[in-house]
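Per-entry structural report
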Amino acid sequence: MKFLPIITAFAVTAVIAAPTKERARCVATSFEQISGTKICSTIAIRGPFTVPANKMVDLTGLKSGTTITITGTITFAKGNLDKNHDLITIGGSNIKIDGTKGTLDGSGPQYWDGKGGNGGINKPKFIRLRKMSGSITGLTVLNSPVHTFAINGCNGITLTNITIDNRGPKYALGHNTDGFDVSSSSGVTIVGAKVYNNDDCLALNSGTNIAFVGNYCNGGHGISIGSIKAGAIVDGVSLTGNTVVNSANAVRIKAYANATGGKVNNVTYADTTLSGITNYGVIIQQDYTNEGATGKPGGAAPITNVNLYNIHGTMTKKGQSVYILCAKCSNFNFQKIAITGGSVAPKCAGIAPKPSGC
Ligand SMILES: *[C@@H]1O[C@H](CO)[C@@H](O)[C@H](O)[C@H]1NC(C)=O
Ligand SMILES: *[C@@H]1O[C@H](CO)[C@@H](O)[C@H](O)[C@H]1NC(C)=O
Ligand SMILES: *[C@@H]1O[C@H](CO)[C@@H](O)[C@H](O)[C@H]1NC(C)=O
């Protein structure tokens, strides 16, 4: 009883002191200050500052409902981390990130050697969202060493108005600079992104209930489902209102012939505008390998219920509007396919009946 007043006085002091202390701790203006912000539910990360070489920003384990505002430019100095590392990892539930005034620069040109993720200089992936739900809005991401966003094990996440620009000096040597790689996730919506890169704009490796809406893809390999490997399931995908410019392909589903236990089902690509497509307007293949197509499709991962509606635009002269090579595909429903300019006749093998456009 005797100590009670002292304890009360101490508690009151602590309560009064807490807000000021927390505010200071919740603002990071350097790499070193970021880890200390993780106890806060409102975090401000303010550039300009540089994350030193070989350091990674760890924003996992955030408190549920945390809001993060990123402003200014945060540059990641070139280091020697390989593709099994990520320059930033973010995780937590109901996290809201406002990056409208923020830029992340991965120093890509200092890594780019034309070998991408397949060799040469070690290259870390840029941003991993791991078991994150919530949203990211308006972030600008420049010069990713290799893959830009890896969205992994996320359930209920919306990415809005993100710009990815991997066109720095030596752009042509910046291989495998994927925009968004999605795996083992559900309820992912990507809307209003602008992606300038040198590989897939979207690579949906596995996931359910995925929406990719009103995005602009320039310079890469197109909007891809896959590559599907053993056990990878993609089910329930809506890709609508997208524009694909100066890219190898526009609409693509790629599966390994031997992808046992995998499948692709219920995919709709609608209202897609193309221009300057060099290889395929639409390509659906069950003979994919990272080293190139084999010409020998396999049906270990069936591709079913694929709807294409209003896919229109232009290709360069060596292009082919529609190419399908399947071993086990069914229920393809194509309508309003109007892809002009390519000189190679469309070809659809291993699918019956042949969808319109073939
Ligand atoms: C995204 O950009 C569009 C077009 O500028 C704008 O209308 C919309 O409000 C933005 N969305 C968000 C969540 O900021
Ligand atoms: C197909 O996927 C969409 C999401 O893109 C979903 O809304 C719809 O219910 C799915 N259809 C079936 C038959 O499962
Ligand atoms: C599947 O095929 C690819 C490409 O040919 C090969 O690299 C991989 O080892 C194969 N996987 C299995 C499980 O056979």
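Residues numbered from 1 in each chain as written. Chains lettered and ligands numbered in written order. Predicted model: local features only at pLDDT ≥ 70, side-chain atom pairs only at ≥ 80, totals over all residues. Heavy atoms only, no water.

Attention shifts here to the overall build of the protein. When its secondary structure is counted, the protein shows 2 helices and 27 strands. In terms of C-alpha radius of gyration, the protein reaches 23 Å, essentially the compact-globule figure of 21 Å for 358 residues. Projected onto its principal axes, the C-alpha positions of the protein cover 90 × 45 × 30 Å. Burial statistics for the protein: of 358 residues in total, 51% are counted as buried. For the protein, the proportion of contacts with a sequence separation of at least 24, taken over those separated by at least 6, is 70%. Roughly 14800 Å² of accessible area belongs to the protein as shown, and the carbon and sulfur atoms make up 55% of that amount. Between the mean site of the 32 positive side-chain charges and the mean site of the 17 negative ones, the protein shows a separation of 2 Å. (Helix = DSSP H or I, 4+ residues; strand = E, 2+ residues; numbered from the N terminus. Rg over C-alpha atoms; globule rule 2.2 N^0.38 Å. Buried < 20%, exposed > 50% of the residue type's maximum accessible area, 1.4 Å probe, protein only. Contact = heavy atoms within 4.5 Å. Areas by Shrake-Rupley, 256 points an atom, 1.4 Å probe, with all protein chains shown as cover. Lys, Arg positive; Asp, Glu negative; His and termini not counted. Charge placed at Lys NZ, Arg CZ, Asp CG, Glu CD.)

What follows concerns the confidence of the model for the protein. The share of residues in the protein with pLDDT of 70 or more is 94%, and the mean pLDDT across the chain is 94. Of the regions scoring below 50 in pLDDT, residues 1-17 engages in 0 contacts with residues more than four places distant in sequence or in other chains. (pLDDT = per-residue confidence, 0-100.)

In terms of burial, strand β25 (residues 320-325) is largely enclosed, as 6 of its 6 residues are buried. In this structure, β25 lies alongside strand β27 (residues 347-349), joined through 3 bridges in parallel fashion. Among the inter-strand pairings, isoleucine 324 is bridged to a residue of β27, identified as cysteine 348. (Pairing = 2+ DSSP bridges.)

What follows deals with the site of ligand 3. Around ligand 3, the structure places Tyr256, Asn258 and Thr289. Separating an oxygen atom of ligand 3 from a side-chain N or O atom of asparagine 258 is a distance of 2.4 Å. Considering ligand 3 on its own, with 360 Å² of exposed area, one finds that the protein chains cover 30% of that surface. (Near = heavy atom within 4 Å. Polar contact = N/O pair within 3.5 Å; in protein donor to acceptor, adjacent residues only side chain to side chain.)

Taken together, Thr137, Thr160 and Asn161 make up the full set of residues near ligand 1. A distance of 2.2 Å separates an oxygen atom of ligand 1 from a polar side-chain atom of asparagine 161. Expressed as a share of its isolated accessible area of 360 Å², the protein-covered part of ligand 1 is 25%.

Once that is clear, we can look at the UniProt feature "active site" (unreviewed entry) in the protein. The positions UniProt marks with the feature "active site" (unreviewed entry) are His221. Its location among the elements puts histidine 221 in the loop between β17 (216-218) and β18 (222-228). For histidine 221, the contacting residues outside a window of four places in its chain are Asn198, Asp199, Asp200, Ala248 and Asn249. (UniProt positions renumbered as here; feature names shortened; annotations may be inferred.)

Omega for the bond connecting glycine 47 with proline 48 falls within 30 degrees of zero, at 5 degrees, which places this linkage in the cis form. You can see proline 48 is positioned in the loop between β2 (42-46) and β3 (49-51). Looking along the chain, the bond that leaves glycine 226 and enters serine 227 is cis, with omega of 5 degrees. The residue serine 227 is located in strand β18 in this model. The phi dihedral of asparagine 305 is positive, around 55 degrees, even though this residue is not glycine. Structurally, asparagine 305 can be placed in strand β24 (residues 303-315). Unlike most non-glycine residues, lysine 336 shows phi in positive territory, near 55 degrees. By the secondary structure assignment, lysine 336 is in strand β26 (residues 329-340).

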